[in-house]
Amino acid sequence: MTLLFRRASLASLGLAIGLSALAVSPLAAQETKPADAAAAPAPAPVDPNAVIATVDGKPITEADLTLAEGELSRQFAQLPAEQRRAAALSAAIEIKVLSAKAMADGLDKDPEFQRRVAFLQQRALHGELVEKEVVGKITDAEIRARYDKEIAAQPPVNEVHARHILVKTKEEADAIVKKLDAGEDFQKLANENTKDPSGKTNGGDLGFFGPGQMVPEFEKAAMALEVGKYTKEPVQTQFGWHIIKLEDKRQQQPPAFDQVKDQAKSAVIRDKYFEAVKEARKAAKVEIPDENLRKAVEATEGSAGK
């Protein structure tokens, strides 16, 4: 890696927008399929009503097991695939027997428990609505339109192709500039003198880079050069002294649609989610007697919707 330590580039579209914590919760449980999942043969159809176990005469079906595997997927993530089914069934049995005991002990009548159940049901319904009425109804055309809109809003950005020679002292840099002025080859001098390990075999070539990818002093000097020219005055950064040569300039190309499709989709989901919340809130009568708390909620919702 070059000693300039290229800074991590921000996504050009600025589309990486997360949903609010509440909006994310029903979506975050979706697991990414393993890389080899696409190559695996399609599993045989399973009857969701097929009974695979009973607990005190009450059935546990394939559908129950699928739900358990989905809800407990993180706990099972480290298990080999062939053990997950057994682990999920074991967990489902544990849940059945202990929940039955809890009901026998009357824990289901506890007011705090009932409040939790009500909230979890509401949260599950919230997630179901988001999944079916928001995420499920987004079209590829809407995602593409969002991408096109973001691209159109981006101002043109130039990127440059440069080489550099890095040395420790200004005296060394000045000596190299004199050799360049005398007609010596930049790439040959870079291979012989640069302290940048990645530049010792490629003539100091840094490839193309855009704004924000190099340290400020280096970027400013490189962007100011004309094609084919080099810095007559060495440029100092925290890494040492640089002689920079500009090879080319061009307008930075936006990322391809396929590269940022997921980010564009996230942006569409975010907008549609807040639109759905806004419409639902209009139809609901919400009262918060504490003025300070009401203002804090309004401020939170206002910033989350931006």
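Quantities reported herein were computed from a predicted structural model and do not represent experimental measurements.

Rules used in this analysis
Residues numbered from 1 in each chain as written. Predicted model: local features only at pLDDT ≥ 70, side-chain atom pairs only at ≥ 80, totals over all residues. Heavy atoms only, no water. Helix = DSSP H or I, 4+ residues; strand = E, 2+ residues; numbered from the N terminus. Contact = heavy atoms within 4.5 Å. Pairing = 2+ DSSP bridges. Axes fitted to C-alpha atoms, helices over the stretch in contact; angles between N-to-C directions. Salt bridge = Lys/Arg side-chain N within 4 Å of Asp/Glu carboxyl O. Buried < 20%, exposed > 50% of the residue type's maximum accessible area, 1.4 Å probe, protein only. pLDDT = per-residue confidence, 0-100. Parallel < 35°, antiparallel > 145°, perpendicular 65-115°, else oblique. Left-handed = near helix turned anticlockwise from the far one by under 90°. Nonpolar A, V, L, I, M, F, W, Y, C, P; charged D, E, K, R; others polar.

Participant: Could you give an account of the side chain of Arg163, with specific residues and numbers?
Facilitator: Secondary-structure assignment places Arg163 in strand β3 (residues 158-167). In contact with Arg163, not counting residues within four places along its chain, are Phe186, Gln187, Asn202, Gly203, Gly204, Asp205, Leu206, Ile243, Ile244, Lys245 and Glu247.

Participant: Give a description of the sheet that holds strand β6 (residues 240-251) that names residues and reports values.
Facilitator: Spatially, β4-β3-β6-β5 is the arrangement adopted by the four strands of the open sheet, whose pairing is antiparallel. The two strands at the open ends of the sheet, each matched to only one other strand, are β4 (205-209) and β5 (235-237). Neighbour-to-neighbour, the strand axes of the sheet open up by a mean angle of 40 degrees, direction not taken into account. The sheet contacts of helix α7 (residues 170-181) involve β3 and β6, and relative to β6 the element is tilted by about 50 degrees. Its contacts with the sheet put helix α8 (residues 186-193) on β3 and β6, and the angle it makes with β3 is roughly 50 degrees.

Participant: Hey, could you go over the pattern of salt bridges for me, with residue numbers and the actual values?
Facilitator: Applying the stated criterion across every chain, the model contains 22 salt bridges. Between Lys101 and Asp105 there is a salt bridge, with its nearest N and O atoms 2.9 Å apart. With its nearest N and O atoms 2.7 Å apart, the salt bridge here joins Glu192 to Lys188. One end of the pair is Glu192 and the other is Lys188, both in helix α8 and four residues apart, which spans about a single turn. For Glu192, a relative accessible area of 48% corresponds to the partly exposed category. Because the salt bridges share partners, they merge into one network encompassing Arg146, Glu150, Arg270 and Asp271.

Participant: Any chance you could break down the confidence of the model for the protein for me, citing the residues and the numbers?
Facilitator: Summarising the model, the protein shows a mean pLDDT of 86, and 85% of its residues fall at 70 or more. Contacts of residues 1-38 to residues separated by more than four positions or lying in other chains number 75 contacts, the stretch itself having pLDDT below 50.

Participant: With reference to specific residues and values, describe the packing of helix α5 (residues 111-134) against helix α10 (residues 257-283).
Facilitator: Relative to each other, α5 and α10 sit at 120 degrees, their axes nearing to 11 Å. As far as their axial angle goes, α10 and α5 are oblique. Crossing angle aside, the handedness with which α5 passes α10 is right-handed. Across the interface between the two elements, His126, Val130 and Val134 of α5 pack against Ile269, Lys272, Tyr273 and Ala276 of α10. Taken together, the residues of the contact of α5 with α10 break down into five nonpolar, one polar and one charged.

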